[in-house]
Structures are given as C-alpha cells and as structure tokens.
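What follows is each chain in one-letter form.
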Amino acid sequence: MPVIEVTDLRKSYGGRPVVDGVSFTVEEGEIFGILGPNGAGKTTTVECVEGLRVPDAGRVRVTGLDPVADHDRVTHVLGAQLQEGRLQEKLTVGEALRLYAALHPAPADWRPLAGRLGLADRLDTRFGKLSGGQKQRLFIALALVGNPRVVVLDELTTGLDPRARRDTWKLIEEIRDSGVTVLLVTHFMEEAQRLCDRVAVIDQGRIAALGTPADLIRRSAGATVIAFTPSAPLDERELNALPRLASISHKDGRITLTGGDETVNAVISLLARHRVTAHQLRVGDATLDDAYLDLTETPS
Ligand SMILES: Nc1ncnc2c1ncn2[C@@H]1O[C@H](COP(=O)(O)OP(=O)(O)OP(=O)(O)O)[C@@H](O)[C@H]1O
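Residues numbered from 1 in each chain as written. Predicted model: local features only at pLDDT ≥ 70, side-chain atom pairs only at ≥ 80, totals over all residues.

Let us look at the overall build of the chain. Counting its secondary structure elements, the chain contains 11 helices and 13 strands. Classification of the 300 residues of the chain by burial places 37% in the buried group. Partitioning the contacts of the chain with sequence separation of at least 6, the portion at a separation of at least 24 is 71%. (Helix = DSSP H or I, 4+ residues; strand = E, 2+ residues; numbered from the N terminus. Buried ≥ 20, exposed ≤ 12 C-beta atoms within 10 Å, placed from the backbone. Contact = placed C-beta atoms within 7 Å.)

Pairing in this open sheet of 3 strands is antiparallel, and the strands run 2-1-4 from one edge to the other. Each edge of the open sheet is held by one strand with a lone partner, namely strand 2 (16-26) and strand 4 (57-62). In this sheet, adjacent strand axes meet at a mean angle of 25° when their direction is disregarded. Pairing geometry for strand 1 (residues 4-13) and strand 4, over 5 bridges, is antiparallel. (Pairing = 2+ DSSP bridges. Axes fitted to C-alpha atoms, helices over the stretch in contact; angles between N-to-C directions.)

Here we take up the site of the ligand. If you check the shell around the ligand, you find Tyr 13, Val 18, Gly 36, Asn 38, Gly 39, Ala 40, Gly 41, Lys 42, Thr 43 and Thr 44 and nothing else. Here the shell around the ligand gets 3 residues from one element, more than from any other, and that element is helix 1 (residues 42-50). Its residues assigned to classes, the shell around the ligand shows 3 nonpolar, 6 polar and 1 charged. (Near = placed C-beta within 6 Å. Nonpolar A, V, L, I, M, F, W, Y, C, P; charged D, E, K, R; others polar.)

Our next topic: unusual backbone geometry. Even without being a glycine, Glu 155 presents a positive backbone phi close to 50°. By the secondary structure assignment, Glu 155 is in the loop between strand 6 (150-154) and helix 6 (162-177).

Mean pLDDT over the chain works out to 90, with 97% of the residues at or above the 70 mark. Interface scoring of the predicted complex returns ipTM 0.95; its pTM is 0.83. (pLDDT = per-residue confidence, 0-100.)

Counting 76 residues, the largest nonpolar core has Leu 97, Ala 141, Leu 183 and Leu 184 as the members making the most contacts within it. Ranked by residue count, the leading element in this core is helix 5 (residues 132-144), at 7 residues. Structurally, this core is a two-domain feature, drawing no fewer than three residues from each of domain 1 (4-211) and domain 2 (219-295). Residue contacts for Ala 141: discarding those within four places in its chain leaves Leu 97, Leu 113, Ala 114, Leu 117 and Leu 119. (Core = buried A, V, L, I, M, F, W, Y, C linked by C-beta atoms within 7 Å. Domains from an automatic or database assignment.)

To continue, consider the sheet that holds strand 11 (residues 247-251). Spatially, 11-12-10-13 is the arrangement adopted by the 4 strands of the open sheet, whose pairing is antiparallel. The sheet terminates laterally at strand 11 and strand 13 (278-285), the two strands that pair on one side only. For this sheet, the mean inter-axis angle between neighbouring strands, taken without regard to orientation, is 15°. Judged from the 6 bridges that link them, strand 10 (residues 224-230) and strand 13 form a sheet pairing that is antiparallel. Counterpart to Ile 226 in the pairing with strand 13 is Val 283. Each of strand 10, strand 12 (254-259) and strand 13 is contacted by helix 10 (residues 261-273), which is oriented at about 15° to strand 10, the strand it contacts most.

In a regular helix each residue adds 1.5 Å, so 13 residues correspond to 18 Å; helix 10 covers 19 Å between its end C-alpha atoms and thus fits that length. Along helix 10, the residues that are buried comprise Thr 263, Ala 266 and Val 267. Considered in projection along helix 10, the buried side chains sweep an arc of 105° and stay on one side of the axis. Residues Asp 261, Asn 265, Ser 269 and Ala 272 are exposed on helix 10 and point more than 90 degrees away from its buried face. As for helix 10, its buried residues are in contact with strand 10 and strand 12. Immediately downstream of helix 10, the backbone of Arg 275 shows phi near 50°, a positive value. (Expected span 1.5 Å × (residues − 1). Arc of directions from axis to C-beta.)

For the chain, the domain assignment lists domain 1 (4-211) and domain 2 (219-295). Domain 1 and domain 2 are separated by 39 Å when their C-alpha centres are compared. If you list the elements that add at least two residues to the side of domain 1 that touches domain 2, you get helix 7 (189-195) and strand 9 (206-211). When residues in the side of domain 1 that touches domain 2 are grouped by element, the largest group, 3 residues, is from helix 7. Of the residues in the side of domain 1 that touches domain 2, the class split is 6 nonpolar, 1 polar and no charged.

This is how it looks when you write it as structure tokens:
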C-alpha cells in the first residue's frame, strides 16, 4: 500500500482553482519531490496531505487514513516540519524536543535523535540563538520525534549556505535509509535530482510531469546541452533549422542549445562548413533544471 495517496485533489480560493485535479502516490521508503513555480499549488497540496487544509474535492490518504477525519492519528504517522515562527525564541533545543516528544504516544528517544542531527551540544541553547542550519536540523528533529512513517519537508534548505544545504541533504538521505518516507517540496533542481527517487512537477495546480528525475530529463525535448562561443556570428535561420533542436538561447555572445545527438553532430558540421571556431565548447547531459524549464512554461 502506498504511504500517501492523492487522487484528483481540488482546492479553490475565491473561485480560483489553485489545485486542479492533482493525483500521485508516494511509496514506502521513497524520497518524493514536489517541484513547481511560485504559486503553483505545492504547499496547498502538501497541507491537504497534512490535514491542515480541507480539500474541496478528491481523496487523500496517509497510511490509509483520512488526514481531515483522522487528523489525530495522522499527526502520529506523519511528521511535518514546523515553520520558523511557530517556535518560541526562548525555548531551548532540549525543551523543544521534550515538549514535542510528549505530544506523541510512541516518541523516539530524543537525546540520540538530537545526536544524530548534530544537536547534542546544543541542548541548552535557546532557539533564537541557533544558526539557520541548526534551526533547520531542529525542525527535522521535531518532525521525527514522534517516530513517524512519513515526514514532510517544505523548502527545508531555502536560505542555507551551500555547505549547510549539502549537510541537510545527507540528513535527508539518512532519514530515508532509516525507513522513513520523505515528501520534499523544493525549488532547487540540484537538490531534487540528487535526492529524489521520483518527482512531481506541479504547474498551475496540475501535474505537468511525474517520474524519476532521469525519466523527466529523457522525456523533455532536449536531453543534451551544447554551449559555445562562436568566433564569428552564425546565421540564426541555420541554427533554428538544426535537427531535434529543443531550445536556443544567446547570452553575451555565447550560444546554448538543447537537443539530441543529431543536434550536436549538425552543429559541428555547421561550424566546420562556415569555418567558425567554437570557443569553450561544452556538450553535456541536460539536468533536471533544463527539463524543468522545458516542462513549466509559466514565468515564475
Ligand atoms: N488561504 C489562501 N487564500 C487565498 N489564496 C491562497 C491561500 N493560500 C494560498 N493561496 C494562493 O494559492 C496559490 C497557490 O499557493 P501555494 O502556496 O499552494 O503555492 P506554492 O506552489 O507552494 O508556491 P511557493 O513556491 O511560492 O510557496 C497562490 O496563488 C496563493 O496566493
């Protein structure tokens, strides 16, 4: 049985649909990512999964439970990440963990949990004195202290420096390896590509794509990226006529194309034909970032 099942979920505000028929399932032990532009409906979807919002229509189940009707039971199987404003500045790390552990019928032993999250030497530190990375680690600890089967992390690494972000990625992998399913909302494609087993791209309240990051890259029009700075201008019509070309952009004299193997071969012949040299030529696989831009057409 999937840990999370969302079927034809709908939610409108003031008559405007913001979640418009979203369906997906999350299997046990997965890291499942939800991606999409600002305002796409990601948080609304996740809050319906957490039972914090009541859907207008559709069906949501978390380990078979209805998050609205069975809210109390769902809060014990689903650990949600707190938003920053929800914790008092003066509360210490140890007090927060003890307090949240007391809310659950079968909590984790919070001291080793704090140790796993690198907070063992911060138990007496007040929340207001923690660094951004330490606060995020505490939020993860609080989401895990009830021994949930699934944890929801919404834009967890926003605002963290690159090292703290990478440390947090490692923690998320450790959570998955310990058997907890992870639902991760993120704006960072690198994060999704590195961490997620599968992702759903939501755009304008609908699922624009769903699959493994590798699937999405393969399915997007341009699986290969070719970038170079030509020694002389190239004819725009000839560039646009390249076989299997998916996109083309120019910046500061540099041309970036996405397409397939045929596009690469044709660019090389085009350059040779016109005796134009390609400076700093780079040919590589497209990333989830490229696929995402291809899949979501709305400006964010
Ligand atoms: N309580 C509310 N009342 C009215 N409109 C709302 C409410 N909550 C969200 N919205 C609107 O619904 C749309 C979807 O919001 P949501 O927060 O789900 O998007 P999101 O994909 O999480 O965006 P972001 O990436 O910016 O966090 C937005 O246009 C938002 O302004």
